[in-house]
Amino acid sequence: MQNIDLNGKTIFVTGAAGFIGSNLVKRLLNDVEGVTIIGIDNMNDYYDVSLKEYRLKTLSNSFPSEARLPVAFPCLGGEPDAPLNRGDGGAFHFIKGDIADKPTIDGIFEKYRPAVVVNLAAQAGVRYSITNPDSYIQSNIIGFYNILEACRHYPVEHLVYASSSSVYGGNKKVPFSTDDRVDNPVSLYAATKKSNELFAHCYSKLYNIPTTGLRFFTVYGPAGRPDMAYFGFTNKLLKGETIQIFNYGNCRRDFTYVDDIVEGIVRVMQGAPEKKTGDDGLPVPPYAVYNIGGGQPENLLDFVNILQEELVRAGVLPEDYDFEAHKQLVPMQPGDVPTTYADATALERDFGFKPSISLRDGLRAFAEWYAKFYKK
């Protein structure tokens, strides 16, 4: 493994206004000396854009008060590519743009020459892919291809990219290991993520680009995606609507708190697969894939019970709320799988890290944030 010192480096983060992306940018700005971060996001309306704007605004807290200006964010009324600058030389440039637009990506690489790239931009969601496939091809296939091509022509030290636990499809062997075959996706979203891994392997082999894919397992936390179950359930319960619990409650999910995900990403960024030459004189692909998951799948009904308790504790819902009257057990939905369960031993072996934040603590943080953001 090749060690990479992030201090003083230029890092390109796609999906910088997204849930994981914004938390990663914040962590890097707070912890890495002299870092220059280039962030891009298309700010699409797949879910409430105000959440993405909120995430961008929170990033300014990583800078001195005199630098906290909305001019850094063109989507909020500023000029394109106006940076927030920090006293130690660190800076954050945000660009409203789409990774599926090749000239935009090529222009960013030409101008900034990033040393490390973290590709988190993607059209997310399993069910949405069933009815809106075009956006998945544009962002997850064409967009990722553009990133790979740019890394080929403007060499980088490491490309880290988001894959997904969805690639395991209906795999009945648990826990899911990166050694398992993942040739039977049950959604287009899963197929695009598996394609990303194949594309990355090809570019690692042909062009000796160090790439690492990270299979995320049900990421949650404050300011997360509203289409995720914990967020959607909260919205519906607050409106007095009924929540649907799929597979009659017999689903298990390996929930992973966003801070654990970010810790894993930062560690992986600093450890690129080593470049080697094989016996045939050709490069051995500097390629790796890891699971990032808590390794403790939770039953969906238990998850709902913890969520409702924390929503009451945070004052989002009243203490006398009748939860039983607002639950409905329904069959499995197309594209869903009954269980996700990460074997993250390889991540722990290579990077000394294992997700540790409990579901109770994570949902408590979410509930407290929700109370402030929506019920202030």
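This text gives an overview of the structure that appears in the document. (Residues numbered from 1 in each chain as written. Predicted model: local features only at pLDDT ≥ 70, side-chain atom pairs only at ≥ 80, totals over all residues. Heavy atoms only, no water.)

**Digging into the overall build of the protein chain**
Threshold: In this description a helix means any DSSP run of H or I spanning at least four residues, a strand means any run of E spanning at least two, and both kinds are numbered starting from the N terminus. Using C-alpha atoms as the atom set, the radius of gyration is obtained and then compared with a globule rule of 2.2 Å times the number of residues to the power 0.38. Only protein chains enter the accessibility calculation, which uses a 1.4 Å probe. A residue is then buried if its area is under 20% of the maximum for its type, exposed if over 50%, and partly exposed in between. Here, two residues are considered to be in contact whenever any of their heavy atoms come within 4.5 Å of each other. Residue exposure ignores everything except the shown protein chains as possible cover, and the areas themselves are Shrake-Rupley values with a 1.4 Å probe.
Of the regular secondary structure elements, the protein chain holds 11 helices and 18 strands. Here the C-alpha radius of gyration of the protein chain, 20 Å, is about what a compact globule of 376 residues would show, namely 21 Å. If one aligns the C-alpha atoms of the protein chain with their principal axes, the spans along those axes are about 65 × 55 × 40 Å. Put simply, the protein chain has 376 residues, and 56% of those count as buried. Partitioning the contacts of the protein chain with sequence separation of at least 6, the portion at a separation of at least 24 is 81%. Counting only carbon and sulfur atoms, one obtains 48% of the accessible surface of the protein chain, whose full area is about 15,800 Å².

**Observations regarding unusual backbone geometry**
Each neighbour pair has its own omega, and for Val174 with Pro175 the value is -5 degrees, a cis peptide bond. Counting through the fold element by element, Pro175 comes out in the loop between strand E7 (158-164) and helix H6 (188-207). One non-glycine residue, Met43, adopts positive backbone phi at about 55 degrees. For Met43, the location among the structural elements is in the loop between strand E3 (36-41) and helix H2 (49-59). With a phi angle near 60 degrees, Asn208 is a residue other than glycine that sits in the positive phi range. Of note, Asn208 is situated in the loop between H6 and strand E8 (211-216).

**Notes on the pattern of salt bridges**
The criterion, for reference: Any carboxyl oxygen of Asp or Glu that lies within 4 Å of a side-chain nitrogen of Lys or Arg is treated as forming a salt bridge with it.
Considering all chains together, one arrives at 17 salt bridges under this definition. We note a salt bridge from Arg27 to Asp31, for which the minimum N-O separation is 2.6 Å. Within this pair, Arg27 and its partner Asp31 are both found in helix H1 (residues 19-31), separated by four residues, close to a single helical turn. In this structure, the salt-bridge partner of Arg364 is Glu310, at a minimum N-O distance of 2.8 Å. Taken as a pair, Arg364 in helix H11 (residues 359-374) and Glu310 in helix H9 (residues 300-313) lie far apart in primary sequence, 54 residues in all. Using a relative accessible area of 27% as the deciding quantity, one classes Arg364 as partly exposed. The network of salt bridges with shared partners includes Arg27, Asp31, Glu263 and Arg267.

**Regarding the side chain of Glu263**
You can see Glu263 is positioned in helix H8 (residues 258-269). Each residue touching Glu263, except ones within four places of it in the same chain, is listed here: Arg27 and Phe353.

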